[in-house]
Amino acid sequence: MRGGRRWIAAWALLCVGLQLGWGLQGTAAALALWTLVLALAAPAALKSLARPVFWGASALVAAGSALLLGERDLPLLGVAVSAEGLRVGALMLLRGAFVLTLVGWIGRAVGREDVERWTGAVGLGGLGVALGQAGLLLPELVARLEGGLRGGGALRPGRLFELAVEAVVQAALTAESLADEEER
Amino acid sequence: MSQRGAARFWAYCAAFGALWGALEVTVGSLLHTLHLPLSGFALATLGSGLLVAQRQLLPERGATLATGLVAALAKSVSPAGIILGPMVGIAVEALLVELALLPAPRSRALAVVAVTLAASWALSQRLLMTVALYGEEVVSLYLAGLRDAAAFLGLPEEARWVALGALLALVLGAGVLGGSAGHAVGRRAAARLAEARA
């Protein structure tokens with residue numbers, strides 16, 4: 001698995017390199033190559049492209065570029081647009097799709113155990129234990145906070161301050177008891 | 001750091017990281033349900049205020065950053081992998097608070113600076129992420145769009161300075177409110193814990 005990740009990472013670097021100084025063609029070629037690599041080696045990462053918000057924003061960016069950037073020198077479907085703006089819009093859209101799939105792949109390829117290993121290697125070995133403890137504490141803290149917020153007049157400044165102090169005191173007491181347990 | 005010291009350090013990071021996560025779940029859900037604008041900004045102010053409060057109880061270097069890493073990973077690690085956006089957001093907020101509090105963790109003035117920095121990051125994260133996604137050309141597009149919108153609405157040149165001033169006032173206001181409140185909550189909590197121990 002780790003060897004596979006290294007190969008994909010090498011392809012990713014190559015695709016990033018293709019985009020440097022090669023303009024729209026380089027970016028298009030990089031995206032095509034990267035999509036092919038993911039389709040063959042990590043198809044789940046391509047799911048990150050199925051995001052209507054990204055495509056909606058990208059359509060706005062592309063249309064905005066064609067209308068707002070550069071001289072409007074090209075008639076397109078009865079509207080004067082900028083050829084330079086169209087090119088820049090297409091470049092941004094392709095780059096966006098590349099970055100989105102790259103981040104999607106990294107998110108899937110890196111797991112909690114990797115983060116724990118890396119943080120352990122830089123002297124933050126306690127982070128994994130703390131993460132496990134935080135995961136166990138979270139549901140109870142959510143329930144307590146919800147209960148506190150539901151209480152009458154919770155949003156009055158004085159009451160809110162007392163609620164905050166109480167939450168911090170409880171967190172500190174929990175931490176002290178966790179430290180005691182850890183020491184034993 | 002002694003073994004007891006290390007255990008206490010990480011236990012505080014776990015407890016406060018979980019508390020930050022719980023705040024994101026409860027208050028975050030409430031803000032999103034109410035469709036209030038700037039909910040991410042409000043959550044960042046609240047979260048960084050909590051980090052300031054924690055630092056009044058545990059003034060160890062690195063405690064804030066480590067707590068932020070716990071909160072970021074607790075929120076962002078799922079069985080399908082890591083969700084990078086919120087993880088980066090929380091980790092950078094914690095880093096900014098850590099850097100601001102390094103010289104004097106219990107200073108009220110630095111608490112205000114810390115929350116102001118975290119709040120500014122929350123406001124600018126979307127823009128920075130958009131630049132990371134689409135490239136630097138998107139900045140030219142933003143500026144051209146703003147110029148055209150201002151011209152369409154007939155706004156004078158000075159309007160941009162008014163808008164910028166309002167934004168700065170909002171960030172500074174959040175910093176003063178969140179930093180002072182976090183500092184006061186932390187000091188009160190420390191006093192209450194000291195009373196309980198005595």
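Residues numbered from 1 in each chain as written. Chains lettered and ligands numbered in written order. Predicted model: local features only at pLDDT ≥ 70, side-chain atom pairs only at ≥ 80, totals over all residues. Heavy atoms only, no water.

A.B. asks: How would you sum up the overall build of chain A? Please name residues and give values.
C.D. replies: Counting secondary structure elements, chain A contains seven helices and two strands. Counting from the amino terminus, helix and strand elements in chain A follow one another as α-α-α-β-β-α-α-α-α. Its C-alpha atoms give chain A a radius of gyration of 25 Å, more than 25% over the compact-globule value 16 Å for 184 residues. Viewed in the frame of its principal axes, chain A has a C-alpha envelope of about 70 × 50 × 25 Å. When the 184 residues of chain A are sorted by exposure, 39% land in the buried category. Residue pairs at least 24 apart in sequence account for 55% of intrachain contacts in chain A once pairs closer than 6 positions are excluded. Only carbon and sulfur atoms are counted for the fraction: they give 68% of the accessible area of chain A, which is about 10200 Å². Positive and negative charge centroids in chain A, built from 16 and 15 side chains respectively, lie 9 Å apart. (Helix = DSSP H or I, 4+ residues; strand = E, 2+ residues; numbered from the N terminus. Rg over C-alpha atoms; globule rule 2.2 N^0.38 Å. Buried < 20%, exposed > 50% of the residue type's maximum accessible area, 1.4 Å probe, protein only. Contact = heavy atoms within 4.5 Å. Areas by Shrake-Rupley, 256 points an atom, 1.4 Å probe, with all protein chains shown as cover. Lys, Arg positive; Asp, Glu negative; His and termini not counted. Charge placed at Lys NZ, Arg CZ, Asp CG, Glu CD.)

A.B. asks: Any chance you could break down the interface of chain B and chain A for me, citing the residues and the numbers?
C.D. replies: Accessible area lost upon the coming together of the parts serves often as the stated size of an interface. Across the boundary between the two partners, chain B contributes 50 residues, which contact 55 residues of chain A. Between chain B and chain A the total buried area reaches about 4400 Å² when both faces are included, carbon and sulfur atoms providing 79% of it. Summed over the three residues of chain B that lose the most area to chain A, namely B:Arg4, B:Trp10 and B:Tyr134, the buried surface amounts to 16% of that side. At the junction of chain B and chain A, the tally comes to six salt bridges. Residue B:Arg197 is joined to A:Glu176 by a salt bridge in which the shortest nitrogen-to-oxygen separation is 3.8 Å. At the junction of chain B with chain A, the criterion picks out nine residue pairs in polar contact (both at pLDDT 80 or more). Here the side of chain B that touches chain A takes 17 residues from helix α1 (residues 3-33) of chain B, the largest share from any one element. In terms of residue class, the side of chain B that touches chain A is made up of 36 nonpolar, six polar and eight charged. (Buried area = accessible area lost by both parts, 1.4 Å probe. Salt bridge = Lys/Arg side-chain N within 4 Å of Asp/Glu carboxyl O. Polar contact = N/O pair within 3.5 Å; in protein donor to acceptor, adjacent residues only side chain to side chain. Nonpolar A, V, L, I, M, F, W, Y, C, P; charged D, E, K, R; others polar.)

A.B. asks: Tell me what's going on with the side chain of A:Ser82, and back it up with residues and numbers.
C.D. replies: Residue and element names in this part refer to chain A. Summarising the element assignment, Ser82 is placed in the loop between β2 (79-81) and α4 (83-109). Among the polar contacts listed, one links the side chain of Ser82 to the backbone oxygen of Leu69, at a separation of 2.7 Å. At 3.4 Å, the side chain of Ser82 and the backbone oxygen of Glu71 are in polar contact. Beyond its immediate sequence surroundings of up to four residues, Ser82 is in contact with Ala66, Leu69, Gly70, Glu71, Arg72 and Asp73.

A.B. asks: Tell me about the domain arrangement of chain A, and name the residues and values.
C.D. replies: Residues and elements named next belong to chain A. What the domain assignment lists for chain A is domain 1 (1-110) and domain 2 (113-184). One C-alpha centre belongs to domain 1, the other to domain 2; they are set 40 Å apart. Contact with domain 1, which involves four residues of that partner, is made by four residues of domain 2. Across the domain 1/domain 2 interface, buried area totals approximately 260 Å², and carbon plus sulfur atoms make up 49% of it. Where domain 1 packs against domain 2, one counts one salt bridge. Between Asp114 and Arg5 there is a salt bridge; the shortest N-O distance is 3.1 Å. The tally of links between domain 1 and domain 2 comes to one residue pair in polar contact (both at pLDDT 80 or more). Split by residue class, the side of domain 1 that touches domain 2 holds two nonpolar, no polar and two charged. (Domains from an automatic or database assignment.)

A.B. asks: Break down the nonpolar core for me, with residues and values.
C.D. replies: Of all hydrophobic cores here, the largest spans 61 residues; its most connected members are A:Val168, B:Phe16, B:Leu19 and B:Leu57. For this core, the secondary structure elements donating two or more residues are α6 (126-150) and α7 (157-183) of chain A together with α1, α2 (39-57), α3 (63-76), α4 (84-101), α5 (108-134) and α7 (159-197) of chain B. The residues contacting B:Leu19, other than those within four sequence positions of it, are A:Leu141, A:Leu145, A:Ala167, A:Ala171 and B:Leu50. Listed in part, the 28 residues of the second largest apolar core include A:Ala12, A:Leu31, A:Leu69 and A:Trp105. (Core = buried A, V, L, I, M, F, W, Y, C linked by side-chain atoms within 4.5 Å.)

A.B. asks: Which residues make up the packing of aromatic side chains, and what values go with them?
C.D. replies: Scanning all chains against the criterion turns up six aromatic pairs over all chains. When the centroid spacing of 4.9 Å and the interplanar angle of 70° are considered together, the rings of A:Phe54 and A:Trp55 count as edge-to-face. (Phe/Tyr/Trp six-rings, centres within 6.5 Å; stacked < 30°, edge-to-face > 60°.)

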